[in-house]
Amino acid sequence: MKDLVFDLIKKEEIRQSEGLELIPSENYVSKAVLKAMGSVLTNKYSEGYPSFEGIPNWSEAEIADKVLPNYRYYGGQINVDRIERLAIERACKLFKADHANVQPHSGANANEAVYFAWCEPGDNILAMNLGHGGHLTHGSPVTRSAKIYNFIPYGTDKSGDLDYDEMESLAMENDVKLILVGYSAFPLVPDFERVAAIREKAAAKWGHEILLMADMAHVAGLIAAGIHPNPLDFGFNVMTTTTHKTLRGPRGGLILTKGKVGSPLKKIEHKSLDIIPTLVDKAVFPGTQGGPLEHVIAAKAVAFGEALKPSFKTYAKNIVKNAKALAEELKKRGFVLQADGTENHLILIDVMKSYGINGKLYEKALDLIGLTLNANALPGDTGGAFRPNGVRLGTPAITTRGLGVKEMAKIAEWMEEVAKICKEAGTEEKLADHQKEFDKLHQEVIALATTFPLPTA
Ligand code: DSN
């Protein structure tokens, strides 16, 4: 009997193909990435690592051919070692890192592992406030990390930029062990140099090393393409990311480090920043995870290979070009944007200020016409987490499908029409009174979307 799950997967494929994905953290993978993910590698256990030291600068062909030394707890690793090693080499090349741990199952796991690698329970960690665009794993009180470490939040200033003065005061008032720059809702490019200077000043005051960490999950693809500054170029010790957002790989996490690469089996008497690659490896496995997902690691390797190609640079440039064009078109139509625009792939709209509607109502209404984005709290939001005043959208996925500046104007036009309907309806229940208008717009979206097939079609 055919499993019902496959009917639902088919329906999801149709939903994705007939709609336009504007959630800035989503993307569409290539056929090759999908194939690696759905491979027999899912059958294999491989706790441990391929070995890192003592390997000369082998070419990819050599890595794929040689028997690699390893530290694994199971036999049968000959192919898995080579695949994981290729993923590591490609990740290091993309991000100019000394070492990469490709095993984190997600961005959340990657962040947890870094805290665990460097901090002791009760240590102070400076990170961005969730309500100002930070991430849950940056110290939201509902998370496990927040129960272990003491997170001190900084926010954004009136202009919408990171409040570096606040960051500096907090770092000088509190004995911090780790300073984290990262976000899931921030449309500007951070000043990594300024943050590095804050770290230096605070480290001198407190008399110990402070880990500088960047969570670049949203913009990793832009960094890989060289069109966004790379925090590792500014003295950051660690960069975490997911692999499925602008980087366009499988769902998963990745940790990039600067420092000496050593054996994760050796006992470490004293933690120091120069051995952070090994501290991180120990913290991922066995510290916080068990068996790596080698089918996902293979898909990461394939995606990193794609990102190393010149065409990825063009793709990344187009993401930002489209985001800027969409931001301008939205502004023309009365939408009020956080920071008045965007410098990356992401746009935040204050829909309450723009049209007197809340973000959830607007998200639901846009869903009805096949435009997908998410309600999002803005700094100082009075609407709460479930009915915030803002929405968040972005261009990585639609750029993958080939949409350009011309289509951004059309999307902004649809968004204006839906905002006006929402204003008239006032509540989610009353949206049903406007079904005919939504149906008409939905047909227009389907007509446009289906002329830009999914890469896996
Ligand atoms: N959930 C992701 C996002 O949408 O930004 C962050 O992990």
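Here, the structure is the one placed above.
Only a predicted model underlies this, so the values are computations on that prediction, with no experimental measurement involved.

A few points about the overall build of the chain
- Within the chain, the regular secondary structure consists of 17 helices and 15 strands.
- A globule of 457 residues ought to have a C-alpha radius of gyration of about 23 Å, and the chain, at 23 Å, matches this closely.
- Dimensions of the chain along its principal axes, counting C-alpha atoms only, are 65 × 60 × 40 Å.
- Per-residue burial for the chain yields a buried fraction of 57% across its 457 residues.
- The long-range fraction of contacts in the chain, counting pairs at least 24 apart against all pairs at least 6 apart in sequence, stands at 73%.
- Total accessible area on the chain is roughly 19,100 Å²; 55% of this is exposed by carbon and sulfur atoms.
- Across the chain, the centroid of the 53 positively charged side chains sits 4 Å from that of the 57 negatively charged ones.

Description of the site of the ligand
- Residues in contact with the ligand, as listed here, are Ser25, His135, Ser184, His218, Lys245 and Arg392.
- A distance of 2.6 Å separates an oxygen atom of the ligand from a polar side-chain atom of Ser25.
- Isolated, the ligand exposes 230 Å² of accessible area, and the fraction of that covered by the protein chains is 65%.
- By residue class, the composition of the shell around the ligand is no nonpolar, 4 polar and 2 charged.

Brief notes about the layout of surface pockets
- Taken as a whole, the largest pocket holds about 540 Å³ of empty space.
- Only α1 (4–18) and α2 (31–37) provide two or more residues apiece to the lining of the largest pocket.
- Tallying contributions element by element places α1 first for the lining of the largest pocket, with 5 residues.
- Across the lining of the largest pocket, the residue classes tally to 7 nonpolar, 6 polar and 6 charged.

Digging into the pattern of salt bridges
- One pass over the structure, following the stated rule, counts 27 salt bridges.
- As a salt-bridge pair, Arg72 and Asp81 come within 2.8 Å of each other at their nearest N and O atoms. Of the two residues, Arg72 and Asp81, both sit in the buried class.
- Two residues, Arg144 and Glu112, come together in a salt bridge whose shortest N-O distance is 3.2 Å. Of the two residues, Arg144 sits in helix α6 (residues 144–148) while Glu112 sits in helix α5 (residues 107–118), which places them 32 residues apart along the sequence.
- Taking the relative accessible area as the measure of exposure, Glu112 reaches 16% and is therefore buried.
- The structure contains a network of salt bridges with shared partners spanning Glu329, Lys332, Arg333, Glu416 and Lys420.

A short note on the pairing of strand β15 (residues 390–394)
- With 5 of 5 residues buried, β15 lies mostly within the body of the structure.
- Residues Gly390, Arg392 and Gly394 of β15 are buried on one face, and the alternating residues Val391 and Leu393, pointing to the opposite face, are buried as well.
- As paired strands, strand β12 (residues 346–350) and β15 are joined by 5 bridges and run antiparallel to one another. Pairing of Leu348 across the sheet is with Arg392, part of β15.
- Note that strand β14 (residues 374–376) and β15 share 3 bridges and pair antiparallel. Within the sheet, the bridge partner assigned to Asn374 lies in β15 and is Arg392.

Some remarks on the sheet that holds strand β5 (residues 124–128)
- Pairing in this open sheet of 7 strands is mixed, and the strands run β4-β10-β9-β8-β7-β5-β6 from one edge to the other. Every interior strand has two partners, whereas the edge strands, β4 (99–101) and β6 (150–154), have only one. Each strand of the sheet is rotated relative to its neighbour by a mean of 20°, with strand direction disregarded.
- In this sheet, strand β10 (residues 253–257) lies alongside strand β9 (residues 238–242) in antiparallel orientation, the contact comprising 5 bridges. When the bridges of β10 are listed, Thr241 appears paired with Leu254.
- Contacting β7 (176–182) and β8 (211–215), helix α8 (residues 192–206) runs over the sheet at an angle of about 175° to β7.

As for the pairing of β10
- Along β10, 5 of the 5 residues are buried, which leaves the element largely enclosed by surrounding structure.
- Burial of the side chains of β10 extends over both faces: Gly253, Ile255 and Thr257 are buried on one face and Leu254 and Leu256 on the other.
- Bridge count between β4 and β10: 3 bridges; the pairing is antiparallel. Its bridge partner being in β10, Ala100 is matched across the sheet by Leu256.

Structural notes on the sheet that holds β14
- Taken together, 4 strands build an open sheet; the order of strands is β11-β12-β15-β14 and the sheet is antiparallel. The two strands at the open ends of the sheet, each matched to only one other strand, are β11 (336–337) and β14.
- Relative to β14, helix α14 (residues 359–367) is tilted by about 170°, and along the sheet it contacts β14 and β15.

Here's the deal with the environment of Leu126
- When you line up the elements, Leu126 lands in strand β5.
- With relative accessibility at 0%, the residue Leu126 sits in the buried group.
- Those residues in contact with Leu126 that lie beyond four places of it in its chain are Ile152, Tyr154, Met167, Leu170, Ala171, Val176, Leu178, Ile179 and Leu180.

Thresholds, definitions, all that
Residues numbered from 1 in each chain as written. Predicted model: local features only at pLDDT ≥ 70, side-chain atom pairs only at ≥ 80, totals over all residues. Heavy atoms only, no water. Helix = DSSP H or I, 4+ residues; strand = E, 2+ residues; numbered from the N terminus. Rg over C-alpha atoms; globule rule 2.2 N^0.38 Å. Buried < 20%, exposed > 50% of the residue type's maximum accessible area, 1.4 Å probe, protein only. Contact = heavy atoms within 4.5 Å. Areas by Shrake-Rupley, 256 points an atom, 1.4 Å probe, with all protein chains shown as cover. Lys, Arg positive; Asp, Glu negative; His and termini not counted. Charge placed at Lys NZ, Arg CZ, Asp CG, Glu CD. Near = heavy atom within 4 Å. Polar contact = N/O pair within 3.5 Å; in protein donor to acceptor, adjacent residues only side chain to side chain. Nonpolar A, V, L, I, M, F, W, Y, C, P; charged D, E, K, R; others polar. 1 Å grid on protein atoms, 1.4 Å probe; cavity = no way out; pocket = protein on both sides within 12 Å on 5 of 7 lines; lining within 4 Å. Points joined across faces, edges and corners; volume = space filled by probe spheres on them. Salt bridge = Lys/Arg side-chain N within 4 Å of Asp/Glu carboxyl O. Pairing = 2+ DSSP bridges. Axes fitted to C-alpha atoms, helices over the stretch in contact; angles between N-to-C directions.

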